[in-house]
Amino acid sequence: MEQLNHLLFTLINATPTSNFKVIIFAIILARYVIFIIPLSLIAIWLWGTANNIVLQRQLVVKTATALVFSMLFSIFISQLLPHKRPFVEDFGYIFLVHVPDSSFPSNHGSAIFTFALAFLFWHRLWSGMSLIIIALAIAWSRIYLGIHWPLDMLGAFFIGLIGCLLSQVIWYLLGNCITQYLFNIYHLYFAFPIRKGWIKV
């Protein structure tokens, strides 16, 4: 398995002769595109049509719950089964500064794959598939820049599946209670912009 990991990494990892523009593009993907997660969830919660706002907020709650499970599971595995990053092993080339912590599974990968799978399962096919493409692009960029192994991203994908599964279970058991609790907090702390009509009730 490690031989396969090294082989795939070698095929993807950038080299000093790689196109500089591609490296810059990969850095943007690796560092900044992940912010699509909080920005999207905030926008989906705050704005929408009257007919869809309840369903949108249910999507936010389920997705956020899946993300919590995925990140906790990712952290647990990284502590239980630490794995050196490529640059720590002095393997390949690195083009993005990163702390030398455990590489498996990728936290970025776990987050973005969970987010994409959540939309695939609970929103629309087109939105889920679009986000899967973005997730794959982020996964590629972090391997290309030398800070993750390919299997780190495969592990992240399966963690995303587990996070969504656990979120669905929690939603089945406690979904209405959690949603009502969050609605109460939202109406309490955002009463002023709600009254002004800046955001949805």
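Scroll up for the structure.
From a predicted model like this one, the values you see are computed outputs, not experimental measurements.

A. Summary view of the overall build of the protein chain. Broken down by element type, the protein chain carries eight helices and zero strands. In sequence order, the secondary structure elements of the protein chain are arranged as α-α-α-α-α-α-α-α. Taking the principal axes of the C-alpha coordinates as reference, the protein chain spans close to 55 × 35 × 30 Å. Out of the 201 residues in the protein chain, the part that is buried amounts to 43%. Restricting the contact set of the protein chain to residue pairs at least 6 apart, pairs at least 24 apart contribute 76%.

B. Highlighting helix α3 (residues 36–46). I37, S40, L41, I44, W45 and L46 are the residues of α3 that are buried. Against the buried residues of α3 lie α4 (53–80), α5 (107–122) and α7 (150–189).

C. Structural detail: the packing of α3 against α4. At a minimum axis separation of 8 Å, α3 and α4 run at an interaxial angle of 150°. In terms of orientation, α3 lies roughly antiparallel with respect to α4. For the pair α3 and α4, the crossing hand works out as left-handed. Packed against α3, whose contacting residues are I37, L41, I44, W45 and L46, the element α4 presents I53, Q56, R57, V60, V61, T63 and L67 at the interface. Taken together, the residues of the contact of α3 with α4 break down into nine nonpolar, two polar and one charged.

Procedures and definitions
- Residues numbered from 1 in each chain as written.
- Predicted model: local features only at pLDDT ≥ 70, side-chain atom pairs only at ≥ 80, totals over all residues.
- Heavy atoms only, no water.
- Helix = DSSP H or I, 4+ residues; strand = E, 2+ residues; numbered from the N terminus.
- Buried < 20%, exposed > 50% of the residue type's maximum accessible area, 1.4 Å probe, protein only.
- Contact = heavy atoms within 4.5 Å.
- Axes fitted to C-alpha atoms, helices over the stretch in contact; angles between N-to-C directions.
- Parallel < 35°, antiparallel > 145°, perpendicular 65-115°, else oblique.
- Left-handed = near helix turned anticlockwise from the far one by under 90°.
- Nonpolar A, V, L, I, M, F, W, Y, C, P; charged D, E, K, R; others polar.

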